[in-house]
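Inside the fold
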There are 2 protein chains.
Amino acid sequence: MSSYSPIGPVVGIVGAGQLARMSQPPAIALGVELRVLANTPEESAARVIVDTRIGDYRDLGDLRDFAKGCDAITFDHEHVPTEHIQALAANGYVVHPGADALVHAQDKAIMRERLTAIGVPCPAWSRLSSVDDATRFGDEHGWPMVLKAVRGGYDGRGVWVCRSAVDVTEAFDTGVELMAEAFVPFERELAVLVARSPHGQGVSYPVVETVQQDGICVEVLAPAPGLDPEAAAEAQRIALQIAHELGVTGLLAVEMFETAAGFVVNELAMRPHNSGHWTIEGSTTSQFEQHLRAVLDLPLGSPATTAPVVVMANLLGGDDPDLFKRYEHVLAHDPGIKLHFYGKEVRPGRKIGHVTALGTDLETVRARARHAAVYLTTGEYA
Amino acid sequence: MSSYSPIGPVVGIVGAGQLARMSQPPAIALGVELRVLANTPEESAARVIVDTRIGDYRDLGDLRDFAKGCDAITFDHEHVPTEHIQALAANGYVVHPGADALVHAQDKAIMRERLTAIGVPCPAWSRLSSVDDATRFGDEHGWPMVLKAVRGGYDGRGVWVCRSAVDVTEAFDTGVELMAEAFVPFERELAVLVARSPHGQGVSYPVVETVQQDGICVEVLAPAPGLDPEAAAEAQRIALQIAHELGVTGLLAVEMFETAAGFVVNELAMRPHNSGHWTIEGSTTSQFEQHLRAVLDLPLGSPATTAPVVVMANLLGGDDPDLFKRYEHVLAHDPGIKLHFYGKEVRPGRKIGHVTALGTDLETVRARARHAAVYLTTGEYA
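The following refers to the structure shown. Keep in mind that this is a model prediction, so the values were computed, not measured.

1. Description of the relation of the copies chain A and chain B
For the pair chain A and chain B, the superposition axis carries a translation of 0.0 Å, the fit reaches an RMSD of 0.0 Å, and the rotation angle comes to 180 degrees. Within this description, the copies of the chain are treated as partners about a two-fold rotation axis.

2. Observations concerning the sheet that holds strand β2 (residues 33–38) of chain A
Residues and elements named next belong to chain A. The four strands lie next to each other as β3-β2-β1-β4, forming an open sheet whose pairing is parallel. Only two strands of the sheet have a single neighbouring strand rather than two, namely β3 (51–54) and β4 (72–75). Neighbour-to-neighbour, the strand axes of this sheet turn through a mean angle of 25 degrees, independent of strand direction. Here β2 pairs with β3 via four bridges, running parallel. Along β3, the bridge assignment pairs R35 with D51. Of the strands in this sheet, β1 (10–14) and β2 are in contact with helix α1 (residues 18–30), which crosses β2 at around 170 degrees.

3. Side note on the environment of V94 of chain A
Looking at the secondary structure, you find V94 of chain A in the loop between α3 (82–90) and α4 (99–106). When near neighbours in sequence (up to four residues on either side) are disregarded, V94 of chain A contacts D71, A72 and I73 of chain A.

4. Let's talk about the interface of chain A and chain B
Opposite the 48 residues of chain A that make contact, chain B presents 48 residues. Buried surface at the junction of chain A and chain B, summed over both partners, amounts to about 3,900 Å²; 65% is from carbon and sulfur atoms. At the junction of chain A and chain B, the tally comes to two salt bridges. Measuring nitrogen to oxygen at the nearest pair gives 2.8 Å for the salt bridge that ties E289 of chain B to K338 of chain A. Counting the contacts that link chain A with chain B gives twelve residue pairs in polar contact (both at pLDDT 80 or more). At the level of secondary structure, the elements contributing two or more residues to the side of chain A that touches chain B comprise α1, α10 (287–295), α11 (327–333) and β16 (338–341) of chain A. A total of six residues in the side of chain A that touches chain B trace back to one element, the largest contributor, which is α1 of chain A. Among the residues making up the side of chain A that touches chain B, the classes are represented as 27 nonpolar, eleven polar and ten charged.

5. Observations regarding unusual backbone geometry
In this model, W143 of chain B is joined to P144 of chain B through a cis peptide bond whose omega is -5 degrees. Backbone torsion omega between A222 of chain B and P223 of chain B reads -10 degrees, so that peptide bond is classified as cis. Considering the arrangement of structural elements, one finds P223 of chain B in the loop between β12 (216–222) and α8 (229–246). The backbone of D297 of chain A shows a phi angle near 55 degrees, a positive value even though the residue is not glycine. Examined against the element boundaries, D297 of chain A turns out to sit in the loop between α10 and β15 (309–316). On the basis of relative accessibility, which here comes to 21%, the residue D297 of chain A falls in the partly exposed class.

Definitions and cut-offs
- Residues numbered from 1 in each chain as written.
- Chains lettered and ligands numbered in written order.
- Predicted model: local features only at pLDDT ≥ 70, side-chain atom pairs only at ≥ 80, totals over all residues.
- Heavy atoms only, no water.
- Least-squares fit on C-alpha atoms with pLDDT ≥ 70 in both.
- Pairing = 2+ DSSP bridges.
- Helix = DSSP H or I, 4+ residues; strand = E, 2+ residues; numbered from the N terminus.
- Axes fitted to C-alpha atoms, helices over the stretch in contact; angles between N-to-C directions.
- Contact = heavy atoms within 4.5 Å.
- Buried area = accessible area lost by both parts, 1.4 Å probe.
- Salt bridge = Lys/Arg side-chain N within 4 Å of Asp/Glu carboxyl O.
- Polar contact = N/O pair within 3.5 Å; in protein donor to acceptor, adjacent residues only side chain to side chain.
- Nonpolar A, V, L, I, M, F, W, Y, C, P; charged D, E, K, R; others polar.
- Buried < 20%, exposed > 50% of the residue type's maximum accessible area, 1.4 Å probe, protein only.

In structure tokens:
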């Protein structure tokens, strides 16, 4: 900027979901101006960010228009075509994460190839070209086996746990490109969130436990209860290694299975992640602030926790769409509970918000978060 | 709302300064839609709130247009004419604080009359109609004496410490209506922030010490160091009493002098206040969230602190307007420092942001906050 402006750097976020929305509070504090590319002005982030542009993230022309004047460009989701991200970089725009890193969060087969090559523990896996390939994989590695959409899956969509060749055929009938993974008999699911800046500075948040129902995360316990400190350090080391080897800039969430034989990496995401929402109140630096710092190549913030125990519970849409009429009870019941609403229309099973409780005793804190989440979404007293 | 909306209640804030700006993060979390009445689209809050209306807060027509569709209306500053607030209420709009309460933050003579009537400790004071009145007051209560503009003063403006009749004449030459107060030989300045909802629920934040330079607050120490717990409780009791007796809805900041003989109330503000910026990170419920809850008559949040010591230092504009080039050093130097920029053009002495440090040892935390504030505004290494 040649002349002084009271406004700091401009960060463009492609996509206007709740992750972009929750990036606005730290942007306001840091004086960073956010711009979002939204499908409609009614989207979650578009409601709270003044510089909202309407356009199609699959259209390179729209992306180029959007990118003009941004000091850095980043993403609310992983659906922007890899070649468009390459084209933006070729045009001189600063994009974090870059296409070469992000492809590992877009394409699960490329991710498995790369993680296997750098020695990160993965389940047995294979690319597939036919139902026969898949059943052979099941016969070799055992049933049930897991089929995954190579691209485009999220929140349990695009994953099929197959118990037989019949299940395999059903998955293939969807017509999407599939790959096979051995079913991992895990004890629990963990996640490690790390940040890496273009300078190469890295930080790791504490390892958390993610509690899933029907493939959707419903609860996050931070830090992961009872995890051995050396095992926790090993999980953090794996995540930082992946960030380094893949050249990730911004946040990297590494979802892992904890098994009797150690950690197995399940999925990667390169953006703020549901498993890190607890950091808004639970860490000195929220994941949203950390991502902004990283994509602007600013020094990263402290990932220290602000309480011994933090529990985040997702609000999943129920039958009754009006959350607000249940506001009062929850706020009166627990003056310390923190609510986060995403401004999204309620549909059954959709993530429409989350709640966070902080404290010292896991069972107490977990009960507080669960009570608020269940009451807000169903009106039932849990 | 007859049909369901994913957006919660609408709160209209008259004025678009940094207080409205810092209300947006908790509004985003709570799903509350903010609307601001701004003078220009470049103002601090207008940059970060989508529903910005341009208008004149002194014009009743503009205020009525602004109020349409708001579930509650509140204020970024105290300059809206009292009679306009009465008119809005007469039109059925929900306004917090109401005119009958707010007038005590608008008119210092009315405030002194009321506080005296309810037995709150005040300095000796008097309305004035002439220079002779003022000099008589000085002769009776001692010199120096203090003259204050009855309406419109803030941040040290509208206050004259007079050592002689010559000083008195100078103050009267400004033409504003003045009142007299005895000079209070105080040990330090404290502030108590309380919230009161229309239901009558009240909460008090811990008493803080405010450090002033040239009548401008430069630093806030939370909680006030070394304050006797019984004295702290007495200060909180005074603030809650004022909120109750005056019928305040929303936040009330009570600025007090600590003297050898006890507390003396100096000023009142009925909105989020500079002495409460530390609550953004330093309390379970920030003052901005608390104010939104109070004006919506929602249950109030916990005012518990998140760290033993919190220090806030204001960023006052210096000669060099570009804060952002000094970002990197401050963030690298202290990964735990929290920056808040207001998106305002830098002018010497203007409040353009603040920094907050949290920890356990007062001198360490204070040094961190001071280092960041001094470096950001001057480039000097303090």
